[in-house]
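Chains, contacts and geometry: an overview
Residues per chain, in single letters:
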Amino acid sequence: MKAKIVKGIGGFYYTDTGSEVYECKARGVFRKNGITPLVGDWCEIDIVDAEKKTGNIVKILPRTSALIRPAAANADQAVMIFAVKKPVISTGLLDRFLINMEMQNLDTVIVFSKTDYGEPEELENIYRAAGYRVLGISNKTGEGIDTLKEVLRGKTSVLSGPSGVGKSSLINSLLGKNYAETGELSEKIGRGKNTTRHTELIRLDEDTYIMDTPGYSSIEVLCHEEDELADYFREFRPYLGECRFTGCRHVSEPDCKVKEAVAEGTVSQDRYESYKQILIDIMGKRKY
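Scope of this entry: the structure provided in the associated data block. Residue positions are counted from 1 within each chain, in the order its sequence is given. Per-residue local features are limited, in this predicted model, to residues with pLDDT of at least 70; the limit for side-chain atom pairs, both in listing and counting, is 80 or more; totals at the level of whole chains, interfaces and linings are taken over all residues. The side-chain quantities take in all heavy atoms of the structure and omit both hydrogens and water.

Only DSSP runs of H or I covering at least 4 residues are called helices, and only runs of E covering at least 2 are called strands; the numbering of each starts at the N terminus. What the protein contains, in helices and strands, is seven helices and 15 strands. A principal-axis box enclosing the C-alpha atoms of the protein has dimensions of 70 × 45 × 35 Å. Burial here depends on accessible area, computed with a 1.4 Å probe over protein chains only, as a share of the maximum for the residue type. Under 20% is buried, over 50% is exposed, and the range in between is partly exposed. Burial statistics for the protein: of 288 residues in total, 46% are counted as buried. It only takes one pair of heavy atoms within 4.5 Å for two residues to be counted as in contact. Looking at the protein alone, contacts between residues at least 24 apart form 63% of all its contacts between residues at least 6 apart. Working note: accessible area of the protein is about 14800 Å², and carbon and sulfur atoms make up 46% of it. In summary, the charge assignment counts Lys and Arg as positive and Asp and Glu as negative, without counting His or the chain termini. Just so you know, the charge point we use is NZ for Lys, CZ for Arg, CG for Asp and CD for Glu. Of the side chains in the protein, 40 bear a positive and 43 a negative charge, and the two mean positions are spaced by 5 Å. A 1.4 Å probe and the Shrake-Rupley method give the accessible areas. Residues count as covered only by the protein chains that appear here.

With that out of the way, let us pick up unusual backbone geometry. Residue Pro87 is reached from Lys86 by a cis peptide bond, and omega for that bond is 5°. You can see Pro87 is positioned in the loop between β8 (77–83) and α2 (91–103). Within the chain, Asn74 stands out as a residue other than glycine whose phi angle is a positive 60°. Tracing the chain through its elements places Asn74 in the loop between β7 (72–73) and β8. Using a relative accessible area of 8% as the deciding quantity, one classes Asn74 as buried. One non-glycine residue, Lys86, lies in the positive phi region at around 55°. As for its placement among the helices and strands, Lys86 is situated in the loop between β8 and α2. Residue classification places Lys86 among the partly exposed positions, given a relative accessible area of 40%.

Attention shifts here to the nonpolar core. Ranked by internal contacts, the top residues of the largest apolar core, which has 40 residues, are Ile57, Ile110, Phe112 and Tyr127. The element contributing the most residues to this core is α2, with five residues. Once residues within four sequence positions are removed from consideration, Tyr127 is found in contact with Thr91, Leu94, Asp95, Leu98, Ile110, Tyr132, Val134 and Arg271. We define the nonpolar core as a collection of buried residues of types Ala, Val, Leu, Ile, Met, Phe, Trp, Tyr and Cys that are connected through side-chain atoms lying within 4.5 Å of one another. Ranked by size, the runner-up nonpolar core spans 20 residues in total, among them Cys223, Phe236, Cys243 and Val258.

This part is about the environment of Glu200. Of note, Glu200 is situated in strand β14 (residues 200–205). Given the relative accessible area of 17%, Glu200 is considered buried. Sequence separation between Glu200 and Val165 is 35 residues, and the spatial gap between their C-alpha atoms is 18 Å.

A separate point is the pairing of strand β4 (residues 42–49). Bridge count between strand β1 (residues 2–9) and β4: three bridges; the pairing is antiparallel. Looking at β4, one finds that Ala3 is bridged to Cys43. Paired strands, in this sense, are two strands between which DSSP finds at least two bridges. Of the strand pairs in this sheet, β4 and strand β5 (residues 54–60) are connected by six bridges, and their pairing is antiparallel. Bridge pairing in β5 links Asp49 to Thr54. As consecutive antiparallel partners, β4 and β5 are separated by four residues, and within that stretch Lys53 has a phi angle of approximately 60°, a positive value.

One side-chain nitrogen of Lys or Arg within 4 Å of one carboxyl oxygen of Asp or Glu is enough to make a salt bridge. Considering all chains together, one arrives at 17 salt bridges under this definition. One salt bridge connects Asp41 with Arg63, and the closest N-O pair in it is separated by 2.7 Å. Note that Asp41 is positioned in the loop between α1 (28–32) and β4 and Arg63 in the loop between β5 and β6 (66–67), a separation of 22 residues in sequence. Note on Asp41: relative accessible area 0%, which makes it buried.

The complete set of buried residues in helix α6 (residues 257–264) reads Val258, Ala261 and Val262. The arc that holds the buried residues of α6, viewed along the axis, is 100°, so those residues lie on one side. Exposed and facing more than 90 degrees away from the buried side of α6 are Ala263 and Glu264. Gly265 sits one or two residues past α6 and shows a positive phi near 85°. Regarding the arc, it is the one traced by the directions from the helix axis to the C-beta atoms.

Given below as structure tokens:
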């Protein structure tokens, strides 16, 4: 029987056949072959107990995509959510996420939530200039929710972002009901209480799904080669290969077209500084 994995907890996978949800285990052959079932996978299951709705996953069907972090399969796009305030936006965290999505060939929509605190126009302009679609939303006022629904329509989208940005409240707004548990923001540390502890696939309508993923406060960049990092900054790409030196890292080399673009304002200084910091991190790790 064909089914879709909608949730995985503690070695159990909840699979939706379209009419029933079965609690399944994955056969040992997957572990032997180094295959981990992912939320979003289409699979084939054998029913063990129809009354108790239990079964076994016997086959993982071909994937259109497979993400490492967040771990998910068959996603069409990522939706990265950051709050305008509470918690404060970390562009370094956002840039690291974007790099990982570029590496995994998954397009990303950037959403700034809690716009009832104000519009982050400068940040919106920076990321639009970099080639990303940027939206502002407010779960409190409803601003931008309908626009986001259109962006999600007909696709499977991974919702990702730090704890406390209003991701669970957004899911409630999209569904029009209280589906997700919402947590209170910790006033003491200025970070959100992480109310999502596992990735879960949620159906919005017949052909529209969102994947709710756990929040986080740090991201490890998947790129480990300093000479490849610039490839994952969209706004750098028109200038790559045009520098004076082959293998230019765009930091201290003369006649660097990327640095010239930064000086001219074509490439954001903030994004360039983020690139340099991530480059330093990668080079530091390579020493060990």
